[in-house]
Amino acid sequence: FGIRTLLMVTVTLSPVTAAAWRENDVTGEDAYPPLWDLAPENLLDFPVKDNKIVINAWNYQERLGVYKILLNASAKYFGAFGPQNSGNILWGLPLQHGWQFHTGRLADPSGVTSCGYENGQHLCQSVRSWWSCMNYYLAVIPFLGAVEAGLFGQLPYEIEILPPEDQKDDFCYSVKDCWSRMPKLMDDWKDFFEVKNSATFSSFKLDDALGLMWKAHTTSIAYSLPKFQDSLKYLSGPEANFGKDWANAVDFIAATHFCTDLPTTNHFQAFLPQRMLVEGDVLPFISDFSPQQNNILLSLRVLHKANKLTGGLLLKLWQKAMSTEAGRERGRKLIESLTSS
């Protein structure tokens, strides 16, 4: 496989037009995750009990607040990359979470409870939701890694994350707890925030920051994917396949050091399915999806199958092609040219 062939295979993973790559403006309220303005923006906005800041990460608004606090605390490092903190590469995390909430992917897919539904506990995030459980490792772990790295300075209280009603052993709930149970994950996220929080950040390149962020991101997914395999049984066949295809695609996207700032992520997400997939949805012929959304889903499916059939060789070749800054730049430019044609 040549680099162009590899890029052709994965081009639709990043459906961003040329204009989107150059866009630096925030595009109004729709650019932000649902309920962004109502989410906590300071650690002391959460309740304090027994000298601990207590966060319910199974409430959408509170988990969103964790992201908002991360974005606010790291804003000073990304001022040169866009106005109103729009160039912050952490935007990809809350925007993905907002998309999951908006499309019903955080609700109880088993239907046993009303968690996450309009006529029940609307802001509840179900521990039966595969998406919600996977996202925990891209929300709580980065946040606690940032706490350990000193991003928020000296805190007056410890942080405590409330456990879900079930599957308590699948998660960790404090800096100490997470360090003891999943040191590699905490280490990777701490490394990202530590470098940004250091005096050497002035000479730190965006490509390096993206590299550390994506390394931590893929580590989180690799750790959580087998842990929540059983949760896929609550989803329809097409939705479960999409979840696995999405997880596989992240490794390919990560290798390019894809920029996850506010405008780029928003353009990317416009091509993702705006509802849960159900039995009877057949790719690429889902009638209420746009041709682009159908094509993206089909491309993710083909990419996953091809990588599986080659025993992961496709990903290794792709990562090799993306192993230099020049290679990654060529990759992104080729993706841009192909998606804008």
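Let me sum up the structure you'll find in this document. Please read all numbers here as calculations on a predicted model, not as lab measurements. (Residues numbered from 1 in each chain as written. Predicted model: local features only at pLDDT ≥ 70, side-chain atom pairs only at ≥ 80, totals over all residues. Heavy atoms only, no water.)

## Notes on helix H12 (residues 291–309)
Taking 1.5 Å per residue as the helical rise, H12 with its 19 residues ought to reach 27 Å, and the 27 Å between its terminal C-alpha atoms agrees with that figure. Within the sequence span of H12, burial applies to Gln 293, Asn 294, Ile 296, Leu 297, Ser 299, Leu 300, Arg 301, Leu 303, His 304 and Asn 307. Trailing H12 by a residue or two, Gly 311 shows a phi angle of about 65°, which is positive. (Helix = DSSP H or I, 4+ residues; strand = E, 2+ residues; numbered from the N terminus. Expected span 1.5 Å × (residues − 1). Buried < 20%, exposed > 50% of the residue type's maximum accessible area, 1.4 Å probe, protein only.)

## Re the state of the cysteines
In total, this model carries 2 disulfides according to the counting rule given. Through a disulfide, Cys 115 is tied to Cys 124; the S-S separation comes to 1.9 Å. For the disulfide bridge between Cys 115 and Cys 124, the dihedral angle about the S-S bond is near -90°, and by the sign convention the bridge is left-handed. With its sulfur 1.9 Å from that of its partner, Cys 172 forms a disulfide with Cys 178. Between Cys 172 and Cys 178, the disulfide has an S-S torsion of 95° and is therefore right-handed. (Disulfide = S-S within 2.5 Å.)

## Focus: the packing of helix H9 (residues 206–227) against helix H10 (residues 237–255)
Remark: H9 packs on H10, axes separated minimally by 10 Å, with the N-to-C direction vectors making an angle of 160°. By the angle between their directions, the pair H9 and H10 is classed as roughly antiparallel. The way H9 lies across H10 gives a crossing that is left-handed. Between H9 and H10, the contacting residues are Trp 214, His 217, Thr 218, Ile 221 and Leu 225 on the first element and Trp 246, Ala 247, Val 250, Asp 251, Ile 253 and Ala 254 on the second. Tallied by class, residues from the contact of H9 with H10 come to 8 nonpolar, 2 polar and 1 charged. (Axes fitted to C-alpha atoms, helices over the stretch in contact; angles between N-to-C directions. Parallel < 35°, antiparallel > 145°, perpendicular 65-115°, else oblique. Left-handed = near helix turned anticlockwise from the far one by under 90°. Contact = heavy atoms within 4.5 Å. Nonpolar A, V, L, I, M, F, W, Y, C, P; charged D, E, K, R; others polar.)

## Section: the packing of aromatic side chains
All told, the structure shown has 24 aromatic pairs when counted by the stated rule. A ring pair is formed by Phe 192 and Phe 193, whose centres lie 4.9 Å apart and whose planes are at 70°; its orientation type is edge-to-face. For the residue pair Phe 192 and Phe 193, the accessibility class agrees, reading buried in each case. Ring plane angle 45° and centroid distance 6.4 Å describe the contact between Phe 252 and Trp 318, whose orientation is recorded as tilted. Residue Phe 252 is found in helix H10, and its partner Trp 318 is found in helix H13 (residues 313–321); the two are separated by 66 residues along the sequence. Of the two residues, Phe 252 and Trp 318, neither departs from the other in class, the shared state being buried. Put simply, the rings of Trp 58, Tyr 136, Tyr 137, Phe 171, Tyr 223 and Phe 228 touch in pairs and so form one group of aromatic residues. The aromatic ring of Trp 58 is capped on one face by Arg 63, whose charged end is 5.0 Å from the ring centroid. (Phe/Tyr/Trp six-rings, centres within 6.5 Å; stacked < 30°, edge-to-face > 60°. Lys NZ or Arg CZ within 6 Å of the ring centre and 35° of its normal.)

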